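Coordinate analysis (summary)
Residue strings, one per chain:
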Amino acid sequence: VYMVIDLIREHFPTRNAKPYKKSFFEVKESSLTFDSCFEGGNLDLAAKIGEDEYDLFMRPDSNARGHNQWFYFSVKNCHPSRAKFHIQNFTKTDSLFAGGMRVAVFSLRKRDLAISKELPDIFKDWHRGGDNVVYQQSLLPSCNDCGKKKKKKLFYSL
């Protein structure tokens, strides 16, 4: 955890990264609470970098050669109506998100409002959401696959 945070502080000097995982760090009441301790969850680290803004790092699949581009995690304590997430460590050069695809989201609050007819029925289930979804090269430094003589691996963010 600390290695990644040091990397963030070194390469994002304007960001005041404050790492936390539910079991290791005290989380302020105003902060979002992230969880991926369930089947398929792959969030490895969440770092608060600003008011309602977070850098997220996904855990790569076991026995995979990279190109991880999926993510699955939950967010609680959603007091702000909007939050900005930067998923930083993808390795594919292209993505359907670059073509306009939006993320799949499920909100318990919106589901309850849809059941009470205050929102359309589409919000009862998973639906596409998110604004300003951009897939681009990340500001994370590239690496050389642990010193092996291979081409540099670039990271991309969503």
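Residue numbers here run from 1 along each chain, matching the order of that chain's written sequence. Per-residue local features of the predicted model are confined to residues with pLDDT of at least 70, and side-chain atom pairs are confined, for both listing and counting, to 80 or more; whole-chain, interface and lining totals are unaffected and use all residues. The basis for every side-chain value is the complete set of heavy atoms in the structure, and neither hydrogens nor water enter the calculation.

**Some remarks on the overall build of the protein**
Defined as follows: Counting from the N terminus, the helices are DSSP H or I runs at least four residues long and the strands are E runs at least two residues long. Exposure categories follow from relative accessible area, calculated using a 1.4 Å probe and restricted to protein chains: below 20% of the type maximum is buried, above 50% is exposed, and the middle band is partly exposed. Contacts are assigned to residue pairs that have any heavy atoms within 4.5 Å of one another. Throughout, the Shrake-Rupley method with a 1.4 Å probe supplies accessible areas, and for residues the shown protein chains are the sole cover considered.
Along the protein, the regular secondary structure elements total two helices and 10 strands. Overall, the protein shows an N-to-C arrangement of helices and strands of α-β-β-β-β-β-β-β-α-β-β-β. Buried residues in the protein amount to 31% of all 158 residues. Sequence-distant contacts, at least 24 apart, represent 58% of the contacts inside the protein between residues at least 6 apart. Of the accessible surface of the protein, which amounts to about 10,900 Å², a share of 53% is contributed by carbon and sulfur atoms.

**Describing the nonpolar core**
Formally: Joining through side-chain atoms within 4.5 Å is the link that ties buried Ala, Val, Leu, Ile, Met, Phe, Trp, Tyr and Cys residues into a set, and such a set is a nonpolar core.
Counting 15 residues, the largest nonpolar core has Phe 34, Leu 43, Leu 56, Met 58, Phe 90 and Leu 158 as the members making the most contacts within it. Looking at this core, the elements with two or more residues in it are strand E3 (43-50) and strand E4 (53-58). Element by element, the count of residues in this core is highest for E4, at three residues. Contact partners of Leu 56, with chain neighbours within four places excluded, come to Phe 34, Leu 43, Leu 45, Ala 46, Phe 73, Phe 85, His 86, Ile 87, Gln 88 and Asn 89.

**Considerations on the environment of Leu 45**
With respect to the helices and strands, Leu 45 occurs in strand E3. Here Leu 45 falls in the buried class, since its relative accessible area comes to 5%. Each C-alpha atom of the pair Leu 45 and Phe 34 lies 8.8 Å from the other, and the pair is 11 residues apart in sequence.

**Quick look at a nonpolar patch on the surface**
Cut-off, in case you're wondering: Patch definition: residues with relative accessible area over 30% and no salt bridge; like charges joined within 9 Å; nonpolar side chains (Val, Leu, Ile, Met, Phe, Trp, Tyr) joined within 5 Å. Here a salt bridge means any side-chain nitrogen of Lys or Arg lying within 4 Å of a carboxyl oxygen belonging to Asp or Glu.
Together, Trp 70, Tyr 72, Phe 106, Leu 108 and Trp 126 make up an exposed nonpolar region whose accessible area comes to about 520 Å². Among the secondary structure elements, Tyr 72 is positioned in the loop between E4 and strand E5 (74-76).

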